[in-house]
Amino acid sequence: MSPSSSAEDSSSPAVITCKAAVAWGAGEPLVMEEVELSPPHPHEIRIKVFSSSLCRSDISAWESQLLQAIFPRIFGHEASGIVESIGEGVTEFREGDHVLTVFTGECRTCRQCTSGKSNVCQVLGLERRGVMHSDQKTRFSIKGKPVFHYCAVSSFSEYTVVHSGCAVKVSPNAPLEKICLLSCGVAAGLGAAWNVAAVSEGSTVVIFGLGTVGLSVAQGARLKGASRIIGVDTNPDKCEKAKAFGVTEFINPNVILLNFLSQVIKRITDGGADYSFECIGDTGMITTALQSCCDGWGLTVTLGVPKVKPEMSAHYGLLLTGRTLKGTIFGGWKPKSDLPSLVDMYMNKEIEVDKFITHDLPFEDINTAFSLMREGKCLRCVIHMPR
């Protein structure tokens, strides 16, 4: 990183040059580039990224041919770092603070934030256009041309700029290379089980998709005392791994006809599960998850990000008989209000995070991480930035 200093005010943050993994096109290998990064604008902070784990949604957006082409782009959103500089009006953070970045922020003043009913901030919600919330512009550039953001975070860079409402201050004693997972996948799964479904003791749970999110749901259900946790995945290698997170039974849809999957689940659960979770990003599987719940009180929660077909369909009779379908972003957590307590739980060994990390890789090997995730050979790859 090579900062340039301001002639007028040497204490003011300046444009810096740093390395970033830039995607130039859908599915194309990332290229390590020298990028210019602007100083933080009002209510923004600039962060030296410490570690960033690769999430399945990064892969989906990178591969997608359906969405509007937003390239060149810097992916990454599940990250930890240290505040390098702050913009005008920032009072919550100081240089040197340890932080987690979050893909959906919390302004604490909008109708949604003050409702007590939602974690979907009207001001700092999920950003899909590759720009910053405040002015709809980018902070990254190469030779004067804009490089777009991802989820207003873009953590596959040595440094990044985020809105102060999209960062959470954490204890300096927490290991940044581990807790980065709490800024998305692990927290989303735990929250789906605890906040959205409110899994009850002695209940039966079925989880479709045993990636990081699905296994986090399993962990959350186990900690709430679920008696049966049935994992559904096409990868038989996940059977033994899933047991460490609380899965008690495993079903591989490839060994039965997919059309009969819900019938099998209803048969072995005496009429259906109390709770089902769709963690794949397959809208067709949402119907199967609904069918796998019991009449009267069965609850289905969908967490997956669709890769191809965003529309879903289901027979209205599934709802008339008392089933409920819920969707959730980030497991219902309000990031600034709730994430510090999850970090504390990790530090107190009340929740598991480390077991989700299957690969630790240096920044220069980021394309290896993308390949491993794309091929389903890892849960979470943690990318470590140069120190």
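Looking at an unreviewed UniProt entry, one finds the protein named alcohol dehydrogenase and attributed to Linum tenue. Turning to the protein, the UniProt annotation filed under Cofactor (unreviewed entry) states: "Zn(2+)".

**So, the overall build of the protein**
Tallying secondary structure elements over the protein gives 11 helices and 18 strands in all. Its C-alpha radius of gyration of 21 Å places the protein within 12% of the 21 Å reference for a compact globule of 387 residues. With the C-alpha coordinates of the protein rotated into their principal frame, the extents come out at 75 × 40 × 35 Å. By the burial criterion, 54% of the 387 residues in the protein qualify as buried. Of the contacts made within the protein by residues no fewer than 6 positions apart, 70% connect residues no fewer than 24 positions apart. For the protein, the computed accessible surface area is about 16700 Å², with 52% contributed by carbon and sulfur atoms. Computed over 37 positive and 40 negative side-chain charges, the inter-centroid distance for the protein is 4 Å.

**Details of the packing of helix H1 (residues 56–63) against helix H11 (residues 366–374)**
The interhelical angle for the contact between H1 and H11, taken along N-to-C directions, is 95°, at an axis separation of 10 Å. When the axes of H1 and H11 are compared, the pair comes out roughly perpendicular. Note on element contacts: H11 touches H1 through Phe370, Met373 and Arg374, opposite Arg56, Ile59, Trp62 and Glu63. For the contact of H1 with H11, a count of residues per class yields 4 nonpolar, no polar and 3 charged.

**Focus on the pairing of strand S12 (residues 228–232)**
Put simply, side chains in a regular strand alternate between the two faces of the sheet. When you tally the buried positions in S12, you get 4 out of 5 residues, the bulk of the element. Where strand S11 (residues 204–208) and S12 come together, 5 bridges link them in parallel fashion. When the sheet's bridge partners are listed, Ile207 is paired in S12 with Gly231. Once the chain exits S11 it traverses helix H5 (residues 212–223) before rejoining the sheet at S12, and the crossover so formed is right-handed. Here S12 runs beside strand S13 (residues 249–251); their pairing, made up of 3 bridges, is parallel. Across the sheet, residue Gly231 finds its bridge partner in S13, namely Phe250.

**Things to note about unusual backbone geometry**
The omega torsion across Phe71 and Pro72 is -5°, close enough to zero to call that bond cis. Note on placement: Pro72 falls in the loop between H1 and strand S5 (78–86). In this structure, Ala152 is a non-glycine residue whose phi angle is positive, near 55°. You can call Ala152 buried: its relative accessible area is 1%. Even without being a glycine, Ser154 presents a positive backbone phi close to 55°. Along the chain, Ser154 turns up in the loop between strand S8 (145–147) and strand S9 (159–163).

**Quick word on the sheet that holds S11**
Read across the open sheet, the 6 strands follow the order S13-S12-S11-S14-S15-S16; overall the sheet is parallel. At either margin of the open sheet sits one strand with a lone partner, and together these are S13 and strand S16 (324–327). On average, adjacent strands in this sheet sit at an angle of 20° to one another, irrespective of strand direction. In this sheet, strand S15 (residues 299–302) lies alongside strand S14 (residues 275–278) in parallel orientation, the contact comprising 4 bridges. By the bridge assignment, Phe277 is partnered in S15 with Val301. Lying over the sheet, H5 contacts S11, S12 and S14, oriented at roughly 170° with respect to S11. Packed on one face of the sheet, helix H8 (residues 283–291) meets S11, S14, S15 and S16 and runs near 170° to S14.

**Some words on H8**
The element H8 is largely enclosed, with a buried count of 7 among its 9 residues. Every buried residue belonging to H8 is among Thr283, Met285, Ile286, Thr287, Thr288, Ala289 and Leu290, and all of these are buried. For H8, the elements touching its buried residues are S11, helix H7 (261–268), S14, S15, helix H9 (317–320) and S16. One side-chain oxygen of the residue at the start of H8 lies 2.9 Å from the amide nitrogen of Gly284, identifying that residue as Asp282.

**Brief notes about a nonpolar patch on the surface**
Residues Val120, Leu126 and Ile329 make up a contiguous nonpolar surface patch of roughly 190 Å² in combined accessible area. By the element assignment, Leu126 lies in the loop between helix H2 (111–115) and strand S7 (140–142). According to the relative accessible area criterion, Leu126 is partly exposed, its value standing at 32%.

**Focus on the environment of Lys224**
Structurally, Lys224 is set in the loop between H5 and S12. Owing to a relative accessible area of 41%, Lys224 belongs among the partly exposed residues under this scheme. With 22 residues separating them along the chain, Lys224 and Gly202 place their C-alpha atoms 8.7 Å apart. Discounting chain neighbours no more than four positions away, the residues touching Lys224 are Trp194, Val199, Ser200 and Glu201.

Conventions and cut-offs
- Residues numbered from 1 in each chain as written.
- Predicted model: local features only at pLDDT ≥ 70, side-chain atom pairs only at ≥ 80, totals over all residues.
- Heavy atoms only, no water.
- UniProt positions renumbered as here; feature names shortened; annotations may be inferred.
- Helix = DSSP H or I, 4+ residues; strand = E, 2+ residues; numbered from the N terminus.
- Rg over C-alpha atoms; globule rule 2.2 N^0.38 Å.
- Buried < 20%, exposed > 50% of the residue type's maximum accessible area, 1.4 Å probe, protein only.
- Contact = heavy atoms within 4.5 Å.
- Areas by Shrake-Rupley, 256 points an atom, 1.4 Å probe, with all protein chains shown as cover.
- Lys, Arg positive; Asp, Glu negative; His and termini not counted.
- Charge placed at Lys NZ, Arg CZ, Asp CG, Glu CD.
- Axes fitted to C-alpha atoms, helices over the stretch in contact; angles between N-to-C directions.
- Parallel < 35°, antiparallel > 145°, perpendicular 65-115°, else oblique.
- Nonpolar A, V, L, I, M, F, W, Y, C, P; charged D, E, K, R; others polar.
- Pairing = 2+ DSSP bridges.
- Right-handed = clockwise from strand over helix to strand, strands pointing away.
- Polar contact = N/O pair within 3.5 Å; in protein donor to acceptor, adjacent residues only side chain to side chain.
- Patch = residues over 30% accessible without salt bridge, like charges linked within 9 Å, V, L, I, M, F, W, Y side chains within 5 Å.
- Salt bridge = Lys/Arg side-chain N within 4 Å of Asp/Glu carboxyl O.

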